[in-house]
Amino acid sequence: LDFYLPIAEISVNAPLLVALGAAVGFISGMFGIGGGFLMTPILVLMGIPPAVAVASLASHVAASSTSSVISYTRARAVDFRMGGVLAAGGAMGSVMGVEVFRWLRLMGQADLVVALSYLIFLGIIGGLMLTESLGSILRARRGDPPPPRRDRRPPWLYGLPLKLRFPRSRLYISVIPPILLGLFVGVLSAVMGVGGGFILVPAMVYVLRMPAGVVVGTSLFQIIITTTLTSVLQAGRNQTVDIVLATLLLIGGVLGAQLGAKASSRFRAEELRAILALIVLAVGLRMGLGLFLTPADPFVLMTGNG
Amino acid sequence: MLPATVDAAPPPPQAAVSAALTTTSVRVTSGFHGARIVLYGAIFDPAAGPSDVVVIVRGPEQPVRIARKIRVGGVWINSRPVVFRGAPGFYRTASTRPLDQIAGFGVLRRLGAGIDHLAIEAPDEQRVETRYGVRDMVVSRLGADYLEWRQAVVRLKQSAGLYDTDDQGVVFVDRGLFKSEIDLPTVAPIGRYRAQIVLFQHGQPVSQRVCDFTVEKVGAERALYVFAHERPWSYGLASVTIALAAGWAASAAFRRA
């Protein structure tokens with residue numbers, strides 16, 4: 001059952017895409033990430049032009065995030081104020097990111113920057129998460145007491161001006177760190193075709209010190225806002241959103257996200273983090289590998305005209 | 001001066017070729033999986049001399065951006081991309097025999113018959129300068145590698161199924177009646193195509209015929225494509241609305257279940 005995609009201008013197997021959407025949606029709902037970091041490389045491997053994959057994915061991520069955010073909202077696990085502040089930074093970031101990506105494509109270096117970003121960011125985040133979660137799993141096995149929680153938050157978090165109260169997260173901090181974080185994630189989201197959850201979630205836990213319970217829901221909420229914006233920008237600016245591709249992916253995605261959100265309550269938090277860390281590391285290494293292997297053909301055709 | 005004589009010998013009856021396509025418009029719908037167009041043609045030659053037929057199909061022109069992978073510090077990166085112009089988005093020759101047996105280099109070059117004779121150029125890389133005392137020499141910045149770049153364009157297009165040479169692609173099905181099949185891959189570009197049918201005798205083109213056809217999106221595919229390009233912002237809003245609505249619907253459905 002093949003479908004011709006009107007914007008990507010290639011033919012794809014529809015059931016395969018729906019299944020793929022469901023699998024990634026499941027992971028998305030389970031870990032509170034958009035799942036873009038998984039989906040973009042897979043779509044590109046399937047032969048969909050990277051520009052179309054990145055742009056169409058944004059709306060798939062928005063759909064599966066909406067689907068799971070509603071569940072998290074019912075559980076009162078979304079800090080809307082924090083999400084809004086992050087999204088304000090994210091909006092600026094995605095506008096910048098779309099322009100940066102256009103420029104990179106013009107220079108012919110988009111492939112390199114995308115592969116390097118995957119290798120560096122996924123490598124670092126995956127590595128850190130894996131060490132941390134394996135540590136706590138081992139401690140729990142041995143019955144050691146958890147290390148004393150370092151409640152001393154970094155002083156710069158408190159020293160900065162423009163403080164705002166975030167009751168849901170029990171925080172009273174400056175809005176500057178969340179805005180900068182959102183900005184950074186927004187740029188990455190446009191360049192790498194990801195929602196940015198894999199960076200947001202750890203940053204919210206370790207840098208902003210938000211309570212674990214609200215991190216996932218809030219991250220998803222901010223992802224909806226940034227990806228919605230990215231999607232409209234990519235359609236308006238580059239005409240690279242393929243509505244058929246996005247729809248096929250999101251049919252599976254929204255269902256998968258629901259099942260994932262349900263399944264996540266069956267696992268312990270550190271086990272979840274360890275699994276996610278492995279997935280993140282594997283994808284980062286796979287994308288980075290291409291930089292070091294001798295290419296089969298020394299020449300490469302670039303799609304589009306900039 | 002004598003006027004040119006016209007009555008020395010009766011001129012040999014001119015051979016002619018005629019051809020038609022089974023389809024003049026290929027419709028790209030959601031089930032599009034490439035297409036096959038059949039070309040039928042006939043040769044009218046009272047002298048019944050030995051004839052060869054070459055069919056050249058060209059798709060709409062598409063500039064090609066190509067980069068070379070270079071190794072820097074153990075990492076493969078792309079060089080600066082080079083733009084080649086004049087490359088058709090689809091190109092295929094079919095003939096009764098290998099082209100170089102049918103006609104000479106100059107004849108083929110003038111017709112643009114055969115991938116080697118395609119006028120693919122990288123004008124942005126060229127500059128005119130004086131070398132060895134010769135003025136107005138066209139020099140490519142790609143230098144000696146120029147041919148390698150050009151070959152790479154052809155090779156990559158061939159592996160995508162967009163360029164092809166078939167030296168047995170024209171077959172005679174009956175006396176004076178020939179047939180050729182043109183296979184368009186799914187990635188064939190949208191636009192106007194031109195099939196040029198050339199009859200060769202004794203290494204010279206004696207008769208030509210041109211048949212045009214189009215590849216176009218129809219129905220929903222066309223509507224979406226036009227929507228995306230003519231009203232991109234509304235298109236973006238529409239696709240996001242679908243996404244958010246689908247997310248909400250799934251969540252509502254699961255809550256009830």
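Here, every reference points to the structure presented above.
Read on for an overview of the structure.

**Topic: the overall build of chain A**
Argument step 1. Assigned secondary structure in chain A consists of 11 helices and five strands.
Argument step 2. Relative to a compact globule of 306 residues, whose C-alpha radius of gyration would be 19 Å, chain A shows 19 Å and is just as compact.
Argument step 3. C-alpha atoms of chain A, sized along the principal axes, occupy 55 × 45 × 40 Å.
Argument step 4. Buried positions account for 58% of the 306 residues belonging to chain A.
Argument step 5. A total accessible area of about 12,400 Å² is found for chain A, and carbon and sulfur atoms account for 70% of it.
Argument step 6. Across chain A, the centroid of the 23 positively charged side chains sits 15 Å from that of the 12 negatively charged ones.

**Structural notes on a nonpolar patch on the surface**
Argument step 1. A contiguous nonpolar surface patch, about 360 Å² in accessible area, is contributed by A:Leu116, A:Ile120, A:Ile124 and A:Leu128.
Argument step 2. Mapped onto the secondary structure, A:Ile124 falls in helix α5 (residues 110-142).

**A few points about the packing of aromatic side chains**
All names here are of chain B.
Argument step 1. Tallying each qualifying case throughout the model produces nine aromatic pairs over all chains.
Argument step 2. Ring geometry for phenylalanine 90 against tyrosine 193: centres 5.8 Å apart, planes inclined by 55°, an arrangement best described as tilted. With phenylalanine 90 in the loop between β7 (82-84) and β8 (91-95) and tyrosine 193 in strand β14 (residues 191-201), this pair connects stretches of sequence that are 103 residues apart. Both residues of the pair, phenylalanine 90 and tyrosine 193, count as buried.
Argument step 3. Pairing phenylalanine 172 with phenylalanine 178 gives two aromatic rings, centres 6.1 Å apart and planes at 70°, and the pair type is edge-to-face.
Argument step 4. By relative accessible area, phenylalanine 172 is classed as partly exposed at 38%.
Argument step 5. The buried category is assigned to phenylalanine 178, whose relative accessible area is 0%.
Argument step 6. Three or more aromatic residues joined by ring pairs make a cluster, and in this case those are Phe90, Tyr193 and Phe213.

**Considering the sheet that holds strand β11 (residues 163-166) of chain B**
Residue and element names in this part refer to chain B.
Argument step 1. With mixed pairing, the six strands of this open sheet are ordered in space as β2-β15-β14-β4-β8-β11. Looking at the sheet topology across the chains shown, the edges are occupied by β2 (25-28) and β11. Between one strand and the next, the sheet's axes are offset by a mean angle of 15°, whatever the strand orientation.
Argument step 2. Bridge count for β14 against strand β15 (residues 204-217) is 11 bridges, and the pairing is antiparallel.

**Examining the environment of B:Val187**
Argument step 1. Assignment of secondary structure puts B:Val187 in the loop between β13 (177-184) and β14.
Argument step 2. Judged by its relative accessible area of 35%, B:Val187 falls in the partly exposed class.
Argument step 3. For the pair formed by B:Val187 and B:Val75, sequence separation is 112 residues and the distance between their alpha carbons is 31 Å.
Argument step 4. Here B:Val187 is in contact with A:Glu9, A:Ile10, B:Ala160 and B:Leu162, once residues within four sequence places are set aside.

**Section: the pairing of β15(B)**
All names here are of chain B.
Argument step 1. In terms of strand pairing, β2 meets β15 through four bridges, oriented parallel. What sits directly across from valine 28, in β15, is lysine 217.
Argument step 2. Connecting β14 to the antiparallel partner β15 that follows it, the hairpin turn spans two residues, and histidine 202 within it adopts a positive phi of roughly 55°.

**Side note on the nonpolar core**
Argument step 1. With 73 residues, the main nonpolar core has A:Phe37, A:Leu43 and A:Ile48 as its most contacted residues.
Argument step 2. In contact with A:Leu43, not counting residues within four places along its chain, are A:Leu17, A:Leu20, A:Ile48, A:Ala53, A:Leu57 and A:Leu249.
Argument step 3. Core analysis: the next-biggest nonpolar cluster, separate from the first, contains 59 residues, B:Val57, B:Val64, B:Leu108 and B:Cys211 among them.

**Examining the sheet that holds strand β1 (residues 16-21) of chain B**
Residues and elements named next belong to chain B.
Argument step 1. Read from one edge to the other, the open sheet built from four strands follows the order β1-β3-β13-β12, with strand pairing classed as antiparallel. Strands at the two margins of the open sheet, each flanked by one partner only, are β1 and β12 (170-174). Neighbour-to-neighbour, the strand axes of the sheet open up by a mean angle of 30°, direction not taken into account.
Argument step 2. Where strand β3 (residues 35-44) meets β13, eight bridges bridge the pair, whose relative direction is antiparallel. Residue pairing for β13: arginine 36 is matched across the bridge by aspartate 183.

**What to know about helix α3 (residues 50-74) of chain A**
Residues and elements named next belong to chain A.
Argument step 1. Relative to the 36 Å expected for 25 residues at 1.5 Å per residue, α3 spans 36 Å between its end C-alpha atoms, a close match to the ideal helical length.
Argument step 2. Summarising burial for α3: 21 of the 25 residues are buried, a large majority.
Argument step 3. Phi for arginine 76, located one or two positions after α3, is positive at around 55°.

**Details of the interface of chain B and chain A**
Argument step 1. Counting residues at the interface gives 52 residues for chain B and 56 residues for chain A.
Argument step 2. Interface area for chain B against chain A, summed over the two sides, is near 4,700 Å², with a carbon-plus-sulfur share of 67%.
Argument step 3. Among the residues of chain B in contact with chain A, B:Arg65, B:Trp76 and B:Phe254 are the three that bury the most area, contributing 16% of the side total.
Argument step 4. Between chain B and chain A we count two salt bridges in total.

**What about the pattern of salt bridges?**
One side chain can pair with another of opposite charge once the charged atoms of both are near each other.
Argument step 1. Per the counting criterion, the structure on display carries 12 salt bridges over all chains.
Argument step 2. When the shortest N-O distance is used, the salt bridge between A:Glu99 and A:Arg237 registers 3.0 Å. Here the residue A:Glu99 occupies a position in helix α4 (residues 80-107), and A:Arg237 occupies one in helix α9 (residues 212-238), the gap between them amounting to 138 residues.
Argument step 3. Its salt-bridge partner being B:Arg192, residue B:Asp212 comes within 3.9 Å of it at the nearest N-O pair. Here B:Asp212 is found in strand β15, whereas its partner B:Arg192 is found in strand β14, with 20 residues between them in sequence.
Argument step 4. Each member of the salt-bridge network shares a partner with another, and the members are B:Arg36, B:Lys179, B:Glu181 and B:Asp183.

Rules used in this analysis
- Residues numbered from 1 in each chain as written.
- Chains lettered and ligands numbered in written order.
- Predicted model: local features only at pLDDT ≥ 70, side-chain atom pairs only at ≥ 80, totals over all residues.
- Heavy atoms only, no water.
- Helix = DSSP H or I, 4+ residues; strand = E, 2+ residues; numbered from the N terminus.
- Rg over C-alpha atoms; globule rule 2.2 N^0.38 Å.
- Buried < 20%, exposed > 50% of the residue type's maximum accessible area, 1.4 Å probe, protein only.
- Areas by Shrake-Rupley, 256 points an atom, 1.4 Å probe, with all protein chains shown as cover.
- Lys, Arg positive; Asp, Glu negative; His and termini not counted.
- Charge placed at Lys NZ, Arg CZ, Asp CG, Glu CD.
- Patch = residues over 30% accessible without salt bridge, like charges linked within 9 Å, V, L, I, M, F, W, Y side chains within 5 Å.
- Salt bridge = Lys/Arg side-chain N within 4 Å of Asp/Glu carboxyl O.
- Phe/Tyr/Trp six-rings, centres within 6.5 Å; stacked < 30°, edge-to-face > 60°.
- Pairing = 2+ DSSP bridges.
- Axes fitted to C-alpha atoms, helices over the stretch in contact; angles between N-to-C directions.
- Contact = heavy atoms within 4.5 Å.
- Core = buried A, V, L, I, M, F, W, Y, C linked by side-chain atoms within 4.5 Å.
- Expected span 1.5 Å × (residues − 1).
- Buried area = accessible area lost by both parts, 1.4 Å probe.

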